[in-house]
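Summary of structural features
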Amino acid sequence: MTKPAVTATPSLPWIDRAGLDSLIELLCKLGYTVIGPRLQDGAVVLEEVQSTADFPVGWTDEQEGGKYRLKKKKNTTLFCYTVGPQSWKKYLWPPYQYLWKAQRNESGFQVSENHKELRKYALIGVRSCELAALAILDMVLKRGPFQDSHYQQIRENLFVVAVNCTKAGGTCFCTSMKTGPKASSGFDLALTELFESDRHGFLVESGSERGQEIIQQIPHEMASKKDMDQAEALMRKSAGAMGRTLNTEEVKELIYRNLEHPLWDEIAARCLSCANCTLVCPTCFCTTVEDSTSLTGDHAERRRVWDSCFTLDFSYIHGGSVRSSPKSRFRQWMAHKLAFWQDQFGMPGCVGCGRCITWCPVGIDITREAQTLRESERPSSKGRGGV
Ligand code: SF4
Ligand code: SF4
């Protein structure tokens, strides 16, 4: 009997920390503004970086519902944290952006639109769930019926360096949403960080021709079989260590069946309508438009700013707000993420990054609330909502 052929995983390029610095240097030379992780105000944030010295070297994080802490490790790993409070949407869909300005002159008003030259961004450290979030934003803002020219231009010039998560966070559930922890598409290069006492570096996978061209210009060696095996083992370990799970089986139908469930009242009694969950979410894209005029009457401008379905104003139409209670606003948010979004875009609006759980000041947890609804439908259940 012939044995089935065993296909070995092809080896990948390997770079050390100096190689990653060369990559950043090359991207800067090519005209990219390089954005990566930095420590600021007790959190890992996404800001401009010049080299890996700017990264959170040797820092990790601990996350739970309503809790985020940084912790120093004894090593010099660069990516041993999970997602922080900011997502990459702040560079593609800025929180504050002017649309036009008008200036009074002798002949009337001169109106200028936002023709500011857009920067070319290279993003370093994009996690797999965040690649899925970018794909969702693409669907809405790049390929949907209402395309945004600013988003499109930034997106087309983006260079994405993903990082596979070798550590799962306390509020992560990307395996449930099938968005991680390993990046499978949507990147130019993807790094897997390996750290041992005598060896620290990164396996580099190319996901595009541009990525392939760039890595050829960086000094590298080929990874050993031991490196490849170690990376695979770390991915398996991370996938098995998610802090949360969300059962997605018929979750849309579950939500639709329970729009009048008492659970919404119970959550509303805790929810502060602070909007943190929407601002940290990598897929929430709702905005409002603000106009302002100078007191002298010489200058006026219109700006687009992030908004949230948790504010009263967001659903204000002539005469009042459609969603006037915290209950209706929370239900709208969770039902949109897990149900309506599927009708609109054919996919859930949640990628399992866990940010809304970590940054909710009262620890409201989308995975637990969905599970409570599910359990309340079991014949013997008394459910948390009193049914
Ligand atoms: S809903 Fe929460 S877990 Fe899902 S993508 Fe948004 S912030 Fe992340
Ligand atoms: S669910 Fe939490 S984060 Fe979201 S608005 Fe309510 S209190 Fe704020």
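First things first, this report covers the structure right here in the doc. (Residues numbered from 1 in each chain as written. Chains lettered and ligands numbered in written order. Predicted model: local features only at pLDDT ≥ 70, side-chain atom pairs only at ≥ 80, totals over all residues.)

1. Focus: the sheet that holds strand β12 (residues 221–222)
Strand order in the open sheet formed by eight strands is β3-β2-β8-β9-β10-β11-β1-β12, and the pairing between neighbours is mixed. The open sheet has two edge strands with one neighbour each: β3 (43–48) and β12. By the bridge criterion, eight bridges tie strand β10 (residues 189–196) to strand β11 (residues 199–206) in an arrangement that is antiparallel. Each residue of the ladder has a partner; that of L194, found in β11, is G201. (Pairing = 2+ DSSP bridges. Helix = DSSP H or I, 4+ residues; strand = E, 2+ residues; numbered from the N terminus.)

2. So, the site of ligand 1
Around ligand 1 lies a shell of 13 residues, among which C281, C350, C353, R355 and C356 are the nearest. Here the shell around ligand 1 is composed, by residue class, of eight nonpolar, three polar and two charged. (Near = placed C-beta within 6 Å. Nonpolar A, V, L, I, M, F, W, Y, C, P; charged D, E, K, R; others polar.)

3. Overview of the environment of K327
Locating K327 in the fold gives a position in helix α11 (residues 326–345). According to the C-beta neighbour criterion, K327 is partly exposed, with 17 such atoms within 10 Å. The spatial distance from the C-alpha of K327 to the C-alpha of L263 is 9.4 Å, given a sequence separation of 64 residues. In this view, K327 contacts W264, D265 and A268; residues no more than four positions away in its chain are not counted. (Buried ≥ 20, exposed ≤ 12 C-beta atoms within 10 Å, placed from the backbone. Contact = placed C-beta atoms within 7 Å.)

4. What about the site of ligand 2?
In the vicinity of ligand 2 lie 13 residues, with C271, C274, N276, C277 and C360 positioned nearest. When the residues that make up the shell around ligand 2 are grouped by side-chain class, the tally is eleven nonpolar, two polar and no charged.

5. Here we look at the packing of helix α9 (residues 263–270) against α11
α11 packs onto α9 with a crossing angle of 110° between their chain directions and a minimal axis gap of 8 Å. By the angle class used here, α9 and α11 are roughly perpendicular. In this structure, α9 contributes W264, D265, I267 and A268 to the contact, and α11 contributes P326, K327, F330 and R331. Here the residues of the contact of α9 with α11 are counted per class, giving five nonpolar, no polar and three charged. (Axes fitted to C-alpha atoms, helices over the stretch in contact; angles between N-to-C directions. Parallel < 35°, antiparallel > 145°, perpendicular 65-115°, else oblique.)

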